[in-house]
Amino acid sequence: MRITQGCFSFLPDLTDEQISRQVQYCLENGWAVNIEFTDDPHPRNNLWEMWGLPMFDLRDAAGVMMELNQCRKVYGDRYIRLSAFDSSHGWESVRLSFIVNRPKDEPGFRLERHEVSGRNIRYTTKSYAADRPEGRRYG
Amino acid sequence: MDMDTADMTDTVNLREELEAVGIEEILTQLDRELIGLTPVKTRIREIASLLLIERIRKRLNLTSEVPTLHMSFTGNPGTGKTTVALRIASILHRLGFVRRGQVVSVTRDELVGQYIGHTAPKTKEVLKKAMGGVLFIDEAYYLHRPDNERDYGQEAIEILLQVMESQREDLVVILAGYGDRMDKFFASNPGFRSRIAHHIDFPDYSEPELLAIAELMLRDMNYKFSADARQAFIRYIALRRTQPLFSNARSIRNALDRMRLRQANRLVADLDRVLTADDIMSLEASDVLASRVFLKERPIASSA
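Along each chain, residue indices are assigned from 1 in the same order as the chain's sequence is written. Starting at A for chains and at 1 for ligands, labels are handed out in the order in which the entities are written. Where totals are concerned, whole chains, interfaces and linings use all residues; where local detail is concerned, this predicted model gives features only for residues with pLDDT of at least 70, and gives and counts side-chain atom pairs only at 80 or more.

### Notes on unusual backbone geometry
Inference 1: One non-glycine residue with positive phi stands out, namely glutamate 92 of chain A, at about 45°.
Inference 2: Within the element layout of this structure, glutamate 92 of chain A appears in the loop between β3 (79–86) and β4 (93–101).
Inference 3: A positive phi is found at asparagine 248 of chain B, a non-glycine position, where the angle reads about 40°.
Inference 4: Taking the number of C-beta atoms within 10 Å as the measure of exposure, asparagine 248 of chain B has 22 and is therefore buried. Secondary structure counts use DSSP, requiring at least four H or I residues in a row for a helix and at least two E residues in a row for a strand, with both numbered from the N terminus. Note on burial: count the other C-beta atoms lying within 10 Å of the residue's C-beta; 20 or more is buried, 12 or fewer is exposed, in between is partly exposed, and C-beta positions come from the backbone.

### Here's the deal with the environment of leucine 218 of chain B
All names here are of chain B.
Inference 1: Tracing the sequence through the fold places leucine 218 in helix α11 (residues 207–220).
Inference 2: Given 20 C-beta atoms within a 10 Å radius, leucine 218 is considered buried.
Inference 3: Considering only alpha carbons, one finds leucine 218 and serine 282, 64 residues apart in sequence, at a separation of 9.6 Å.
Inference 4: Those residues in contact with leucine 218 that lie beyond four places of it in its chain are Tyr223, Lys224, Phe225 and Leu256. Whether two residues are in contact is decided by their C-beta atoms, placed from the backbone, lying within 7 Å.

### Describing the domain arrangement of chain B
All names here are of chain B.
Inference 1: Where each domain starts and ends follows an automatic or database-derived domain assignment. According to the domain assignment, chain B contains domain 1 (2–202) and domain 2 (207–303).
Inference 2: Here the C-alpha centroids of domain 1 and domain 2 sit 36 Å apart.
Inference 3: With seven residues of domain 1 at the interface, the matching set in domain 2 holds nine residues.
Inference 4: Basically, the charged four are Asp, Glu, Lys and Arg, the nonpolar ten are Ala, Val, Leu, Ile, Met, Phe, Trp, Tyr, Cys and Pro, and anything else, Gly included, counts as polar. Each residue belonging to the side of domain 1 that touches domain 2 can be placed in one class, and the counts come to two nonpolar, five polar and no charged.

### Section: helix α12 (residues 227–242) of chain B
All names here are of chain B.
Inference 1: For a helix, the expected span equals 1.5 Å multiplied by the residue count minus one. Compared with an ideal rise of 1.5 Å per residue, which puts 16 residues at 22 Å, α12 spans 24 Å between its outermost C-alpha atoms and is within 8% of the ideal.
Inference 2: Of the positions making up α12, those classed as buried are Ala229, Ala232, Phe233, Tyr236, Ile237 and Arg240. Along α12, the residues classed as buried sweep out an arc of 150° about the axis, all on the same side. Away from its buried face by more than 90 degrees, α12 exposes Ala227 and Thr242.
Inference 3: Against α11, β6 (224–225), α13 (248–269), β7 (282–283) and α15 (285–289) lie the buried residues of α12. The directions from the helix axis to the C-beta atoms are what the arc is built from.

### Some thoughts on the UniProt feature "domain: NHR" (unreviewed entry) in chain A
Inference 1: UniProt positions are given in the numbering used here, feature names are shortened, and annotations may be inferred rather than shown by experiment. Look at the UniProt record and you will see "domain: NHR" (unreviewed entry) annotated at residues 110–139 of chain A.
Inference 2: The annotated region residues 110–139 of chain A carries 0% helix and 43% strand content, and the separation between its end C-alpha atoms amounts to 19 Å.

### Digging into the sheet that holds strand β2 (residues 49–50) of chain A
Residue and element names in this part refer to chain A.
Inference 1: Two strands pair if DSSP finds at least two bridges between them. Strand order in the open sheet formed by four strands is β2-β1-β3-β4, and the pairing between neighbours is antiparallel. Each having just a single partner strand, β2 and β4 make up the two edges of the open sheet.
Inference 2: When strand β1 (residues 32–38) meets β3, the two strands line up antiparallel, connected through seven bridges. Bridging from a neighbouring strand, threonine 38 pairs with tyrosine 79 of β3.
Inference 3: Axis definition: a line fit to C-alpha positions, over the contact stretch in the case of helices; interaxial angles, taken between N-to-C directions, run 0 to 180 degrees. Its contacts with the sheet put helix α2 (residues 61–75) on β1, β3 and β4, and the angle it makes with β1 is roughly 5°.

Rendered as structure tokens:
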């Protein structure tokens, strides 16, 4: 099951050229671009691990692409996303976030029904990948 | 369709090309604002012409390779290396060989870390900021410390070399430094020498050139020499040049700053005087002659 989080996730995967253009758009708006990765695809897992520091003061997307390619070399089997942080007053938050790398095989989620008191049911989603220990979830 | 475009672009009007990119403007500005430095200017003109042709060739599909544009500027202090680097960046930008045209100027401190594992992120940080523009490394020979084999400079050099080679289209690196030390630096890092396409040597300024520079600087600051002061300054240059630690245009700028200080002091000393704009603008001979440089001259002159 294909994870759909952030921008462009219903589109086919972006090519490097397209990623680079998006990054350039972020930089021209003065946003700092971050690279984050994770192997826990649960939608409520919003704190992914960071690859290096946020990249402030960049002028050209080539710098981000250099880091992204290095991140892919190490964590190419995981989800990698770029997020663009707007530090200007009043925003101070992430303005754009999109997935740039995903595992070859995405096993998806199962729905667990938890029967509680009375005839009530509580629902939980669990990703199949997260059953395995961290670092061994994808391939 | 392909045939059509080929026909249209088969003939190239160089003048139009040149005007379209507007580098002629930068080159004439370079001629006007930078005094002397004839070999440097010739070299830059050559590089600009080469790049112009390269650009046309690329459009005609005669070449697809990105030319190596890394440069090294060698010369004594104050010969205009940084100023020229800024101009080169805008020339490269207009011709489309760098995408953004910013200049990131760094020295050893900004590239080399303090402890193990500090250097690589630091160097990469700088490289990322310089992407799409020009990375100007001043006094580049400090990166290599032959006396300390555990120095982290070598790590920075390796990262630099790798990026210089693999991301030639993203970044132009300019190394600058004093001639003899740069020669030693290149001798111990042959990788650098071969990756740099243009070695440009900045000559020292002659005395008339230094005077012209001084007058240009004064004009920019809205000052001028009185006739006497000008004569005194000619003598000042001749004396200062023979002294140690002379750093060409930079020494001239510092001397001018001190003269402005003396002039202000002289004007303030007489509070009752009514000043004209001309008084405030002009430097007098006494402002020049009060310099320490003349101290050494006087005993010689009296003994002679």
